[in-house]
Amino acid sequence: MAHLVRNGGRFGTLAQDIKIDMAKVRHRKQVMVEREIAFHLHAYKESGAELIMGNGQFVGPKTIEAKLNDGGVRLLAADQIVINVGSRAAIPDVPGLRDARPLTHIEALELDEVPPHLIVLGGGYTGIELAQAYRRFGSRVTIVEPGTQIMGREDPDVAEEIRAILSREGIDVALKARPWSVHGLSGDAVIVTVQTEGGKRPIEGSHLLVAAGRIANTADIGLDKAGIGLDDRGFLRVNDRLETTAPGIFAIGECAGSPQFTHVSVDDFRIVRDNMAGGNRGKSGRLIPHVVFTDPPLARVGLSETEAQREGVSVRVAKLPMRNVLRTEATDEKDGFMKVLVGATHDRILGFTMIGAEAGEVMAIMQVAMLAELSYSSIREAVMAHLTVAEGLGPLFGNMPARLQSQS
Ligand SMILES: Cc1cc2nc3c(=O)[nH]c(=O)nc-3n(C[C@H](O)[C@H](O)[C@H](O)COP(=O)(O)OP(=O)(O)OC[C@H]3O[C@@H](n4cnc5c(N)ncnc54)[C@H](O)[C@@H]3O)c2cc1C
């Protein structure tokens, strides 16, 4: 909203003396979260399920001790158990980092002030979403990323486009910069010394946010007492049906090593629910989309070019800059591009990536097309409404190179 108002002048809407009231921003977020909690509490009540607020740990096979938030302990035993303990922000082992009491995403959403200079450790989706938000609230922001690109799981051209968008907004992105040491206290003054190809260099800031990956909440929950195994990264070892190594005990969501998105945790739940009811559903072969809520957002479903290469899948690739999508003439949202992968010897769509306004919604169209195994030409020939972003899919597929002759 701050960004929109600040840039309103381009559209002839003039606003002056824009101020950010972080207490109000935070209050609005809190009310939103409280509404969601109330919704879920109501759903529990309606379902008849008992909700016990407390910290659980196995004390024997299929037996859990819950330390209640209100005090006291309850012992629970069941034939079937689902573990859904999630993950938390990892704090990398950098000298001085823990002592600097850095923010994680939790504290970063509880600030009553705009940090004068926020240093963000990690250029993954959490890091860049919060970096852009605070930049738009008025912070100076520096992202420190040890890799050669931000968003290591995306194609280099995608990461570079997002980096360029962030840089144009005034965010400093330090690539190939490994945190070496941290001095000071987040919220007061911090110095992060980074090791780069050119040597060590200090970055001085006021606040420090760590967004450097997640670790599963699987330690200290008595898994050994219940015969439940972990993989070498500390996630619960599960089979395709999301069963752990202990019969009758399932695991879902991030603690089970599933891709780290809410919609995946929800789908894991559906799989386990059906398997508990006697079904036989697996998690393999799912088409999993994701959206990074930067502005403009980044959305992807299916293969990236890098993944196609790694998996030896031959593809044809077409791209379309967002400035060639007619709607962006009207809305002035010209950053980004669409990119689609189609089989080299067949016409099915294998992957779609988009950086641009409404990317998540346009991606959903492509996801449905992929689920239906539509040929890409049926979307190229479809009559899409003018003046929508989806109208760009026609020219995007119009850029598709001709099919290679199948070897067989
Ligand atoms: C900043 C940020 C932004 C994100 N944005 C998106 C997004 O836009 N879209 C998206 O799809 N995903 C997003 N995610 C990811 C998404 O939040 C997670 O993938 C999802 O919440 C995982 O669900 P889960 O059920 O596995 O675990 P969680 O939601 O973490 O739930 C686990 C629960 O278990 C509780 N717990 C832990 N240990 C115990 C114990 N011993 N006993 C009892 N309870 C315990 C925890 O307190 C927690 O309530 C985001 C994540 C972060 C950090």
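Below, the structure is looked at part by part. All values reported here derive from a predicted model rather than from experimental measurement.

Comments concerning the site of the ligand
Taken together, 20 residues surround the ligand, and among them Gly 56, Asn 84, Glu 254, Thr 262 and Ser 265 come closest. Contacts to the ligand include Gly 56, whose backbone N or O atom sits 2.9 Å from a nitrogen atom. Note that an oxygen atom of the ligand is positioned 2.5 Å from one of the side-chain N or O atoms of Glu 254. Taken by itself the ligand offers 1000 Å² of open surface, and the protein chains cover 64% of this. Contributions of two or more residues to the shell around the ligand are made by strand S1 (54-60), helix H4 (125-137) and helix H7 (262-276). For the shell around the ligand, the class distribution of residues is five nonpolar, 13 polar and two charged.

A look at the nonpolar core
Core analysis: the largest hydrophobic core is formed by 27 residues, its most contacted members being Met 338, Val 340, Ile 349, Phe 352, Leu 393 and Phe 397. Taken together, the elements giving at least two residues each to this core come down to strand S16 (298-302), strand S17 (315-321), strand S18 (337-343), strand S19 (349-355), helix H10 (359-371), helix H11 (376-380) and helix H12 (393-398). For this core, the element with the most residues is H10, which contributes six residues. Phe 397 has contacts with Val 340, Val 342, Ile 349, Met 366, Tyr 376, Ile 379 and Arg 380, leaving out every residue within four places of it along the chain. Formed by 26 residues, the second largest nonpolar core is a distinct cluster that contains Met 22, Ala 131, Ile 150 and Ala 159.

A look at the pattern of salt bridges
One pass over the full model with this rule turns up 30 salt bridges. We note a salt bridge from Asp 295 to Arg 136, for which the minimum N-O separation is 2.6 Å. Pair noted here: Asp 295 is in the loop between strand S15 (289-292) and S16 and Arg 136 is in helix H4, with a separation of 159 residues, a long-range link. On the accessibility criterion, Arg 136 (12% relative accessible area) is buried. A salt bridge links Arg 241 to Glu 243; the nearest nitrogen and oxygen atoms lie 3.2 Å apart.

Details of the environment of Gly 343
Mapped onto the secondary structure, Gly 343 falls in strand S18. Beyond its immediate stretch of four places on either side in the chain, Gly 343 contacts Ser 314, Val 315, Arg 316, Arg 348 and Leu 350.

Side note on H7
A rise of 1.5 Å per residue sets the reference length of H7, with its 15 residues, at 21 Å; its end C-alpha atoms lie 21 Å apart and thus fit the reference within 8%. When we look at burial in H7, the residues that qualify are Val 264, Asp 267, Asp 268, Ile 271, Val 272 and Asn 275. Buried residues of H7, viewed axially, fall in a sector of 140°; they line one side. Looking at the buried positions of H7, the neighbouring elements they touch are strand S4 (81-83) and strand S14 (249-251). Just past H7, the residue Gly 278 takes up positive phi, approximately 100°.

So, how was this worked out
Residues numbered from 1 in each chain as written. Predicted model: local features only at pLDDT ≥ 70, side-chain atom pairs only at ≥ 80, totals over all residues. Heavy atoms only, no water. Near = heavy atom within 4 Å. Polar contact = N/O pair within 3.5 Å; in protein donor to acceptor, adjacent residues only side chain to side chain. Areas by Shrake-Rupley, 256 points an atom, 1.4 Å probe, with all protein chains shown as cover. Helix = DSSP H or I, 4+ residues; strand = E, 2+ residues; numbered from the N terminus. Nonpolar A, V, L, I, M, F, W, Y, C, P; charged D, E, K, R; others polar. Core = buried A, V, L, I, M, F, W, Y, C linked by side-chain atoms within 4.5 Å. Buried < 20%, exposed > 50% of the residue type's maximum accessible area, 1.4 Å probe, protein only. Contact = heavy atoms within 4.5 Å. Salt bridge = Lys/Arg side-chain N within 4 Å of Asp/Glu carboxyl O. Expected span 1.5 Å × (residues − 1). Arc of directions from axis to C-beta.

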